[in-house]
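If you want the building blocks of each chain, they are given just below.
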Amino acid sequence: MNNNIQEIIQHFLQFLSERNLKELTNLFSDTVDWYIPGDEEKVPWLGIRNNKQEVSDFFELLWKNTEPISAKIEHIFTDDENAVITGEFATKMLETGNIAESLFCIQIRIQNNKIIRYRLLEDSLALDK
């Protein structure tokens, strides 16, 4: 694993688990190609984001509406500027009290030590139950 990419991914996972918004957001480029597919009307934190402020808004909205139950990283694959993280999670939806469980795959591209592309594939249908 490329050392810079490995370090950035480890920081990403650490800051995400700590809900450290400032440090997490600082890992992203000012301009970001971000997409999490799903029904944005039912789950407003899904969708497209284009810049660092929108990424920050995403995490604030996500954390305001969810409570993590568990998360497990299964694999981290990397090449020169890409990382793919696979695993599974369970999250409590605070509005309904329902538990959403899903496998996930995060695709990240890093250039100049900043995340420039982010894709999260998950069972977004489980989130709106």
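Above this text you will find the structure in question.
The model shown is predicted, which means the values in this text are computed figures rather than measured ones.

**Thoughts on the environment of I85**
Then, number 1: Relative to the elements of secondary structure, I85 occurs in strand 4 (residues 82–93).
Then, number 2: Taking the C-alpha atoms as reference points, I85 and L13, 72 residues apart in sequence, are found 9.8 Å from one another.
Then, number 3: Sequence-distant contacts of I85, defined by excluding residues within four places in its chain, comprise I9, F12, L13, I73, H75, I76, F104, C105, I106 and I108.

**Section: the nonpolar core**
Then, number 1: Counting residues in each nonpolar core, the largest one holds 34 residues, and the members touching the most others are F12, F28, W34, F59, I108 and Y118.
Then, number 2: Counting only elements with at least two residues in this core, the list comes to helix 1 (3–18), helix 2 (21–26), strand 1 (28–36), helix 3 (52–65), strand 4, strand 5 (99–111) and strand 6 (114–122).
Then, number 3: Looking at this core element by element, the count peaks at six residues for helix 1.
Then, number 4: Once you skip the residues sitting within four places of it in the chain, F59 turns out to touch L16, L21, L24, F28 and W34.

**Describing the pairing of strand 5**
Then, number 1: Note: strand 4 against strand 5, eleven bridges, orientation antiparallel. Counterpart to E88 in the pairing with strand 5 is L103.
Then, number 2: In this antiparallel pair of consecutive strands, strand 4 and strand 5, the connection spans five residues, and G97 shows a positive phi of 80°.
Then, number 3: Pairing between strand 5 and strand 6: eight bridges, direction antiparallel. When the sheet's bridge partners are listed, I106 is paired in strand 6 with L120.

**Observations concerning helix 3**
Then, number 1: Here helix 3 contains 14 residues, and its C-alpha end-to-end distance of 20 Å stays within 8% of the 20 Å for a straight helix at 1.5 Å per residue.
Then, number 2: Measuring from the side-chain oxygen of the N-cap residue of helix 3 to the backbone nitrogen of Q53 gives 3.1 Å; that N-cap residue is N51.

**Some words on the packing of aromatic side chains**
Then, number 1: Applying the stated criterion to the full structure yields nine aromatic pairs.
Then, number 2: Measuring from ring centre to ring centre gives 4.1 Å for W34 and Y118, while their planes differ by 15°; the resulting arrangement is stacked. Linking W34 in strand 1 with Y118 in strand 6, this pair joins segments that are 84 residues apart in sequence. Taken as a pair, W34 and Y118 share a single burial class, namely buried.
Then, number 3: Relative to W63, the ring of F59 has its centre 5.4 Å away and its plane inclined at 40°; by these criteria the two rings are tilted.

Cut-offs applied
- Every chain is numbered on its own, with residues counted from 1 as its sequence reads.
- Two thresholds apply to this predicted model, a pLDDT of at least 70 for residue-level local features and 80 or more for giving and counting side-chain atom pairs, whereas whole-chain, interface and lining totals are computed over all residues.
- Note: side-chain values were computed over all heavy atoms of the structure, leaving out hydrogens and water.
- Runs of E in the DSSP output that reach at least two residues are strands. Runs of H or I that reach at least four are helices, and both are numbered from the N terminus.
- Contacts are assigned to residue pairs with any non-hydrogen atoms lying within 4.5 Å of each other.
- Put simply, buried Ala, Val, Leu, Ile, Met, Phe, Trp, Tyr and Cys residues joined by side-chain atoms within 4.5 Å make one nonpolar core.
- Buried residues are those whose accessible area, probed at 1.4 Å on protein chains only, stays under 20% of the maximum for their type, while exposed residues exceed 50% and partly exposed ones sit between those limits.
- Strands were regarded as paired on the criterion that DSSP finds at least two bridges between them.
- The length a helix should cover is 1.5 Å for every residue beyond the first.
- In protein, a polar contact requires one atom able to donate a hydrogen and another able to accept it; more generally it is a pair of N or O atoms within 3.5 Å, and residues adjacent in sequence count only if both atoms are side-chain atoms.
- Two aromatic rings, drawn from Phe, Tyr or Trp (for Trp, its six-membered ring), form a pair once their centres lie within 6.5 Å of each other, and the interplanar angle then sorts them: stacked below 30 degrees, edge-to-face above 60, tilted otherwise.

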